[in-house]
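Okay, here's what each chain looks like letter by letter:
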Amino acid sequence: MSDVSFVRTEMLPEQAPPASEVGVLGWIRHNLFSSWLNAILTLISLYFIYYVLSNILSWTFESVWNANSLSECREIMMATWGDTHGHACWGVIKDRWLQLLYGFYPPYPAHPDATWSNPPESGGWPAYFRPNLTFILLLVAIAPVLFTKVPRKLLFVTAAYPFLLPWLMWGGSIWGPLMVAAGFAIGYIAYKVVLPMAGSLTALILAIALPILWWLFAAGSVADAINSVIPIGIATVESRDFGGFMLAILLGVVAIGVSLPIGIVLALGRQSDLMIVKYLCVGFIEFIRGVPLITLLFVASLLLNLFLPPGTNFDIILRVMIMMTLFSAAYMAEVIRGGLAALPRGQYEGADSLGLNYWQAQRLIIMPQALKISIPGIVSTFIGIFKDTTLVSIIGLFDVIGLTNGIRADTAWNGVYWELFAFIGVLFFVVCFSMSRYSMYLERKLQTGHR
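The present account deals with the structure reproduced in this document. (Residues numbered from 1 in each chain as written. Predicted model: local features only at pLDDT ≥ 70, side-chain atom pairs only at ≥ 80, totals over all residues. Heavy atoms only, no water.)

### Notes on the overall build of the protein
When helices and strands are counted, the protein shows 18 helices and three strands. A compact globule built from 451 residues would reach a C-alpha radius of gyration of about 22 Å, whereas the protein, at 29 Å, exceeds it by more than 25%. Each principal axis of the C-alpha distribution contributes one length, and for the protein these read about 115 × 80 × 45 Å. In the protein, which comprises 451 residues, the proportion classed as buried is 34%. Considering only contacts within the protein whose residues lie at least 6 apart along the sequence, 70% involve residues at least 24 apart. By element, 68% of the accessible surface of the protein is carried by carbon and sulfur atoms, the whole surface being about 27,400 Å². In the protein, 25 positive and 25 negative side-chain charges are present, and the distance between their average locations comes to 9 Å. (Helix = DSSP H or I, 4+ residues; strand = E, 2+ residues; numbered from the N terminus. Rg over C-alpha atoms; globule rule 2.2 N^0.38 Å. Buried < 20%, exposed > 50% of the residue type's maximum accessible area, 1.4 Å probe, protein only. Contact = heavy atoms within 4.5 Å. Areas by Shrake-Rupley, 256 points an atom, 1.4 Å probe, with all protein chains shown as cover. Lys, Arg positive; Asp, Glu negative; His and termini not counted. Charge placed at Lys NZ, Arg CZ, Asp CG, Glu CD.)

### Some thoughts on the pattern of salt bridges
Counted under the stated rule, the structure contains seven salt bridges. Here Asp410 and Arg96 are joined by a salt bridge, their closest N and O atoms 2.6 Å apart. Residue Asp410 is found in the loop between helix 17 (400-409) and helix 18 (418-445), and its partner Arg96 is found in helix 4 (residues 91-102); the two are separated by 314 residues along the sequence. According to the relative accessible area criterion, Asp410 is partly exposed, its value standing at 27%. Arg96 sits in the buried class, given a relative accessible area of 16%. With a shortest N-O distance of 3.0 Å, Glu286 and Arg270 are connected by a salt bridge. Here Arg270 lies in helix 10 (residues 244-270) and Glu286 lies in helix 11 (residues 275-289), a separation of 16 residues in the sequence. Here Arg270 falls in the buried class, since its relative accessible area comes to 15%. Through salt bridges with shared partners, one network takes in Arg270, Glu286, Arg289, Glu334 and Arg337. (Salt bridge = Lys/Arg side-chain N within 4 Å of Asp/Glu carboxyl O.)

### Considerations on the environment of Phe61
Turning to its location among the elements, Phe61 is positioned in helix 2 (residues 36-61). Among the residues examined, Phe61 registers a relative accessible area of 64% and is labelled exposed. Residues Phe61 and Val379, spaced 318 residues apart in sequence, show a C-alpha to C-alpha distance of 34 Å.

### A word on the side chain of Gln99
If you trace the backbone, Gln99 turns up in helix 4. Judged by its relative accessible area of 19%, Gln99 is buried. Not counting the four nearest positions on each side in its chain, Gln99 is found in contact with Phe104, Gly244, Leu403 and Ile407.

### Remarks on the state of the cysteines
As used here, a disulfide is simply a covalent bond connecting the sulfur atoms of two cysteines. Taken as a whole and judged by the stated rule, the model has one disulfide. Two residues, Cys73 and Cys89, share a disulfide whose sulfurs are 1.9 Å apart. Handedness here is read from the sign of the S-S torsion; for Cys73 and Cys89, about 75 degrees, the answer is right-handed. Here Cys89 lies in the loop between helix 3 (70-81) and helix 4 and Cys73 lies in helix 3, a separation of 16 residues in the sequence. The pair Cys73 / Cys89 is uniform in exposure class, with both members buried. (Disulfide = S-S within 2.5 Å.)

### Considering helix 3
The end-to-end C-alpha distance of helix 3 is 16 Å, a good match for the 16 Å that 12 residues give at a rise of 1.5 Å each. Of the residues making up helix 3, those classed as buried are Leu70, Cys73 and Met77. Down the axis of helix 3, the buried side of the element spans an arc of 50 degrees, and every buried residue falls inside it. Residues of helix 3 that are exposed and point over 90 degrees away from its buried face: Glu75 and Ala79. (Expected span 1.5 Å × (residues − 1). Arc of directions from axis to C-beta.)

### Looking at the nonpolar core
Phe242, Ile317, Val320, Met324 and Leu340 are the most contacted members of the largest nonpolar core, which totals 95 residues. The element contributing the most residues to this core is helix 10, with 13 residues. (Core = buried A, V, L, I, M, F, W, Y, C linked by side-chain atoms within 4.5 Å.)

### Focus: the environment of Gly396
Topologically, Gly396 is positioned in the loop between helix 16 (375-387) and strand 3 (398-399). Considered as a pair, Gly396 and Phe386 are 10 residues apart in the sequence and their alpha carbons are 18 Å apart.

### What about the side chain of Ser374?
You can see Ser374 is positioned in the loop between helix 15 (358-373) and helix 16. A residue is classified by how much of its surface remains accessible, and Ser374, at 5% relative accessible area, is buried. Those residues in contact with Ser374 that sit more than four places away from it in its chain are Val335, Ile336 and Gly339.

Okay, structure coming up:
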């Protein structure tokens, strides 16, 4: 018997893995056909997907675009395909898409009294210039907030946009929005002046009280006085003319933009050591979260005027904006409170060791980390409140859902149903999916790990 052992002196060359284990074939084998049960479920799912898509695609693309009524659509379907089943009548979208987008907002608002205006339909600015310009400015205003590579100088547009939006959409004198902006300047100056003399609490109270007093008792009179000397304005558009998807964008932008800072304040107030502040924040959050949004909208529409002085004209859209903002802020506060609770105690102790005061610690250390943790919940709240804008149709506002009832009430389009709601679904999907994708991008960008 030989006791000579063999030892390999050189390694065998590497071989490529089998084609069935890598690439597309490998993925299909391991994920779709890894077992007989998985293979059966895969085949059933593929058949179901084929069945659904074949019907949806044929209904979508074997359709009629050029028609002025549902009966005309059906005549074209019978002449082309021999039946009216399984074919969409997109003629209603082609005929009413402007109304679905803008409601009854006038494309060329008249303005006989101001110094400059959008010209009449005979020429001048293009149709729907003001709402389109408002939307473009919205994209410019949020760009430096959402993306760090955008020039920081655009933050001036971001700061001015909350005052440009109501002026462009409702019209009237430019001095009204400017006097509202002056209230914030008054509060800032009061805080800076009083802070070294009376402390942060007194300065904060005055910074809140003085702008409110200014807006309630002085801003309107000062704006009217200046406008009588230097009249600058554009055509006034009534709130009853607002509608369509434009109204959903308007309500969603205001509710989303205002509810986030209010939610941060409420979340911090709920964790405050000041008993009155804590109980006020807890009471507000629990009350709002315990009441359906539709109830708050009915309060805004029917009951709020009972608590106002006689003759007060409180715009219905403004009332809805306030209620939707408060509703969203309550949920936002709980989302952010979850982010604050997820932070380890060492972050607070580290801020104390650096000698930072409460607001510095929140601004530089605590809140950035809490907001990063809360990104999925924040965006989910944003998407939810944007979809909830369709509830305003119940209180008489002609949003995009409410307009479908009026369109279907027309004898020309009586009976049209799926096409209108499919178009509306696409509009909402584009906005909501964009917000979802941005949140995923932001999570990847802020995923710094332990660096």
